[in-house]
Amino acid sequence: QVQLVESGGGLVQAGGSLRLSCAASGSIFGINVMGWYRQAPGKQRELVAAITSGGSINYADSVKGRFTISRANAKNTVYLQMNSLIPEDTAVYYCHAPALVTATGTYREVWGQGTLVTVSS
C-alpha cells in the first residue's frame, strides 16, 4: 500500500515562514508529478504548486514569489517552503500524486491526510 505523509504545518504569525514536507512510502516504482493543494474553510481545494521529476514547476498566482516547491526524487519526497505568509494562506495543505506508479506497474492517484497551516494577523 502506498501513502503520502505530510509534516511541518502549524501556527505562524503573518510575515513568517513554514516548511512542509511530504514523503511517499510503500511499493513505489516512480512518481512523475508531486504537488501541494490547499483548502481553506468554506472554499474549494485549490492547487498551490506542482513539480515534475524533471524539475518543471507550476505555481498558483497567489503564491508566486513567496512559496518554493522542491523535491528529492531519490527519497520520493516533496517540500513546500512558504515565506511571507499572510492570513489568506490559512488552510489545510494536502500533498498529491496524480499518477504514482506502484512496483506492480499500476497507476494510482494518492492524497496525503493534510496538515493545517494557520497564519495569524
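Preceding this section is the structure that the text describes.
This structure is a prediction, so every number in the text was calculated from the model and none was measured.

Cut-offs used in this document
Residues numbered from 1 in each chain as written. Predicted model: local features only at pLDDT ≥ 70, side-chain atom pairs only at ≥ 80, totals over all residues. Heavy atoms only, no water. Pairing = 2+ DSSP bridges. Helix = DSSP H or I, 4+ residues; strand = E, 2+ residues; numbered from the N terminus. Axes fitted to C-alpha atoms, helices over the stretch in contact; angles between N-to-C directions. Buried < 20%, exposed > 50% of the residue type's maximum accessible area, 1.4 Å probe, protein only. Phe/Tyr/Trp six-rings, centres within 6.5 Å; stacked < 30°, edge-to-face > 60°. Disulfide = S-S within 2.5 Å.

Trainee: An account of the sheet that holds strand β1 (residues 3–7) is needed here, citing residue identities and associated values.
Mentor: As summarised here, the arrangement of the four strands in space is β1-β3-β9-β8, forming an open sheet in which the pairing is antiparallel. Two strands lie at the open edges of the sheet, namely β1 and β8 (67–72), each paired on one side alone. Each strand axis lies, on average, 15° off the axis of its neighbour in the sheet, ignoring direction. Bridge count for β8 against strand β9 (residues 77–82) is six bridges, and the pairing is antiparallel. Along β9, the bridge assignment pairs Ala72 with Thr77.

Trainee: For unusual backbone geometry, give the residues involved together with the corresponding values.
Mentor: What you tend to see is this: most non-glycine residues have negative phi, and most peptide bonds are trans. The backbone phi angle of Asn76 is positive, close to 50°, even though this residue is not glycine. Along the chain, the position of Asn76 falls in the loop between β8 and β9. A relative accessible area of 18% places Asn76 in the buried class.

Trainee: Account for the packing of aromatic side chains, naming residues and giving values.
Mentor: Inspection of every chain in the model, using the stated rule, returns two aromatic pairs. Arranged with centres 5.1 Å apart and planes meeting at 65°, the rings of Tyr37 and Trp111 form a pair that is edge-to-face. Of this pair, Tyr37 sits in strand β5 (residues 33–39) while Trp111 sits in strand β11 (residues 107–111), placing them 74 residues apart in sequence. Here Trp111 falls in the partly exposed class, since its relative accessible area comes to 33%. Their ring planes at 85° and their centres at 6.4 Å tell us that Tyr94 and Trp111 sit as a pair that is edge-to-face. Taken as a pair, Tyr94 in strand β10 (residues 91–102) and Trp111 in strand β11 lie far apart in primary sequence, 17 residues in all.

Trainee: Could you give an account of the state of the cysteines, naming the residues involved and the relevant values?
Mentor: Here a disulfide denotes a covalent bond joining the sulfur atom of one cysteine to the sulfur atom of another. One pass over the full model with this rule turns up one disulfide. Cys22 shares a disulfide with Cys95; S-S distance 2.0 Å. A torsion of -85° about the S-S bond marks the disulfide between Cys22 and Cys95 as left-handed. On the criterion of sequence distance, the pair formed by Cys22 in strand β3 (residues 18–25) and Cys95 in strand β10 is long-range, its members being 73 residues apart. The burial state of Cys22 is the same as that of Cys95; both residues are buried.

Trainee: Tell me about the pairing of strand β6 (residues 46–52), residues and numbers included.
Mentor: Bridge analysis of β5 against β6 gives six bridges, and the strand direction is antiparallel. Residue Trp36 lies in a different strand from β6, and its bridge partner there is Ala49. The turn joining β5 and β6, which pair antiparallel and follow one another in sequence, is formed by six residues; a positive phi near 75° is taken by Gly42. As paired strands, β6 and strand β7 (residues 57–59) are joined by three bridges and run antiparallel to one another. Across the sheet, residue Ala49 finds its bridge partner in β7, namely Tyr59. Once β6 ends, the chain turns through four residues before running back antiparallel as β7, passing Gly55 with a positive phi of about 100°.

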